[in-house]
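# A closer look at the structure
If you want the building blocks of each chain, they are given just below.
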Amino acid sequence: MTKRLQAIGIILALIGLGFVAAGGFTFLKTQEGYTALNKFSAAQNVKLTYNEQGQLISGGEVAEADGIMSLLKNDWGYPVVQGDLNPNDPVVNTASEYMFQMATIAYHTLHSTVTVNVPADVEYNGKTIKAGDYEVAANGRYWTGFDRMSPIDGPARAAIWSDTAHALIAELGVGTTTASALQLGLAIAALFAGIGATLVFAGAGLVWATRPERVPVPEFRPAVMPA
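Definitions and limits used
- Residues numbered from 1 in each chain as written.
- Predicted model: local features only at pLDDT ≥ 70, side-chain atom pairs only at ≥ 80, totals over all residues.
- Heavy atoms only, no water.
- Helix = DSSP H or I, 4+ residues; strand = E, 2+ residues; numbered from the N terminus.
- Rg over C-alpha atoms; globule rule 2.2 N^0.38 Å.
- Salt bridge = Lys/Arg side-chain N within 4 Å of Asp/Glu carboxyl O.
- Buried < 20%, exposed > 50% of the residue type's maximum accessible area, 1.4 Å probe, protein only.
- Patch = residues over 30% accessible without salt bridge, like charges linked within 9 Å, V, L, I, M, F, W, Y side chains within 5 Å.
- Areas by Shrake-Rupley, 256 points an atom, 1.4 Å probe, with all protein chains shown as cover.
- Arc of directions from axis to C-beta.
- Contact = heavy atoms within 4.5 Å.

Once that is clear, we can look at the overall build of the protein chain. In terms of regular secondary structure, the protein chain is built from five helices and six strands. The order of helices and strands in the protein chain, counted from the N terminus, is α-β-β-α-α-β-β-β-β-α-α. On C-alpha atoms alone, the protein chain measures out to a radius of gyration of 33 Å, which is more than a quarter above the 17 Å that the 2.2 N^0.38 rule sets for 227 residues. Dimensions of the protein chain along its principal axes, counting C-alpha atoms only, are 140 × 45 × 30 Å.

And the structure:
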């Protein structure tokens, strides 16, 4: 029985070493991903802006940054990690920074205004739209919030939600996903290492607990007979 338990302990320890090795491999690959993401971010050189007090600003105003953050937290429900927003490292390279930059693009798009020219009178929905220029505000509308068939709303939608706006949001979304996946990778590496260490400890403990004990041999001394 003792040898069987020792064998199980050795097997557990070996399995634990395998988990530790998997954790180390996962950690190394995750670090490679972080290095690539940081280099990509540094090459783009997109930075967030902070004032002298370390407050996040946009367009030189704290209020505008607060509006963007409200869009990100309240409207989109994104759990911003304040530690990711570091005034000493303004380069956009964390999930929260990528999301804030994405919200910045969307915020300005949602609050933008464009001029639409209707070249000739046109009938639409039983109304006559006169030829001329019209100022059209996004008024918080996303792409699907415009009437694409309207001679005014249709062109306004394409101008407000331009290809550039869509492309920037898509690119920033990839950055957010990559940063989040790398965080998950670190968590998995830690999980593997923790399980491995536990199995190694359990296996080694089982071997130690079942080791043969040394039984002391009593020493017999002949009795000394009185003279």
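With the rule as written, the count across this model stands at three salt bridges. One salt bridge in this structure joins Lys-29 and Glu-32, with 3.5 Å as the shortest N-O distance. One end of the pair is Lys-29 and the other is Glu-32, both in helix H1 (residues 2-44) and three residues apart, which spans about a single turn. For Glu-32, a relative accessible area of 47% gives the class partly exposed. The residue Asp-121 makes a salt bridge to Lys-130 at a minimum N-O spacing of 3.9 Å. Since its relative accessible area comes to 48%, Asp-121 is described here as partly exposed.

Together, Met-1, Leu-5 and Ile-8 make up a nonpolar patch on the protein surface, roughly 300 Å² of accessible area in all. In this fold, Ile-8 is placed in helix H1. Residue classification places Ile-8 among the partly exposed positions, given a relative accessible area of 43%.

Listed in full, the buried residues belonging to helix H4 (residues 153-160) are Asp-153, Gly-154, Ala-156, Arg-157 and Ile-160. Looking down the long axis of H4, one finds its buried residues gathered within 165 degrees of arc, a one-sided arrangement. In the core, the buried residues of H4 are packed alongside helix H3 (95-110), strand S3 (113-118) and strand S6 (132-137).

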